[in-house]
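Listed here are the chains, written in short residue letters.
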Amino acid sequence: MPDWLWIVIAVAALIVLAGVVWAVLARRRREHLRERFGPEYDHTVTEHDDRRSAEAELERREKQRERLDIVPLAPESRERYLASWRDLQTGFVDEPERSVGEADSLVTEVMRERGYPMDEFDQRVADISVDHPNVVEHYRAAHGISMASDKGEASTEDLRQAVVHYRALFEELVEERETAGEGVR
């Protein structure tokens, strides 16, 4: 066989090998993101034009999160927030709209104290999704109902659901365990 044919075969083999390596790395990347983000992975894929751009967005969130200094709550802060939550739940019966506003404020306050930036809502969702991917959809739902309430378009049942959604995130934020982004990775 001529030398040029051996070179063509070698180049073709390298191209095939590179394709296999790329496919394996892409699969590992996808598995990592699915494991890390859970249901948020599927939500993000649905929101983007294609899987690659969705995965790039999730990786951007991870990098952004790595730059944040998220800390656990001090025990006294945790107890204060839990007491505030109990008070707002008790007040729901008489003033459901006010309770939803208080729930939103309380979640925001806890996030701020933990070290999450309080930029626009979409950025807060992105930041929360890295550490709390299983409840970030609750945050979106609660926020949507809160916005509807501000326009006078939410029923009492909607408001109750908003408080339930806020509570799901609130409970994770005040938990004493370390979040996914804290400690050893």
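Think of each chain on its own: its residues are numbered from 1, step by step along the sequence as written. Only residues with pLDDT of 70 or above have their local features reported here, since the model is predicted, and side-chain atom pairs are shown and tallied only from 80 upward, although totals for entire chains, interfaces and linings are computed over all residues. Calculated side-chain values reflect all of the structure's heavy atoms, with hydrogen atoms and water omitted.

Re the environment of Arg34
Right, on to step 1. The helix count covers DSSP runs of H or I at least four residues long, the strand count covers runs of E at least two residues long, and both are numbered beginning at the N terminus. When you line up the elements, Arg34 lands in helix α1 (residues 3-37).
Right, on to step 2. Arg34 gets classed as partly exposed once you look at its relative accessible area, which sits at 38%.
Right, on to step 3. Leave out the neighbours within four places in its chain, and Arg34 touches Tyr41, Asp42 and Arg51. The buried label applies to any residue whose accessible area, calculated with a 1.4 Å probe on protein chains only, is under 20% of its type's maximum; exposed applies above 50%, and partly exposed to all values in between. Every residue pair with non-hydrogen atoms within 4.5 Å of one another is taken to be in contact.

Let's talk about the packing of aromatic side chains
Right, on to step 1. Only the six-membered ring of Trp is used, alongside the rings of Phe and Tyr, when aromatic pairs are assigned; centres must lie within 6.5 Å, and planes under 30 degrees apart are stacked while those over 60 apart are edge-to-face, with the rest tilted. Counted by the stated rule, this structure contains 2 aromatic pairs.
Right, on to step 2. When the ring of Phe121 is compared with that of Tyr139, the centres are 5.0 Å apart and the planes differ by 55°; the resulting orientation is tilted. Taken together, the residues Phe121 in helix α6 (residues 121-131) and Tyr139 in helix α7 (residues 136-150) connect sequence positions 18 residues apart. Judged on exposure class, the residue Phe121 and its partner Tyr139 are both buried.
Right, on to step 3. Whether a charge lies above a ring is judged from NZ of Lys or CZ of Arg, which has to be within 6 Å of the ring centre and within 35 degrees of the ring normal. The ring centre of Tyr81 lies 4.7 Å from the NZ or CZ of Arg80, which sits over that ring.

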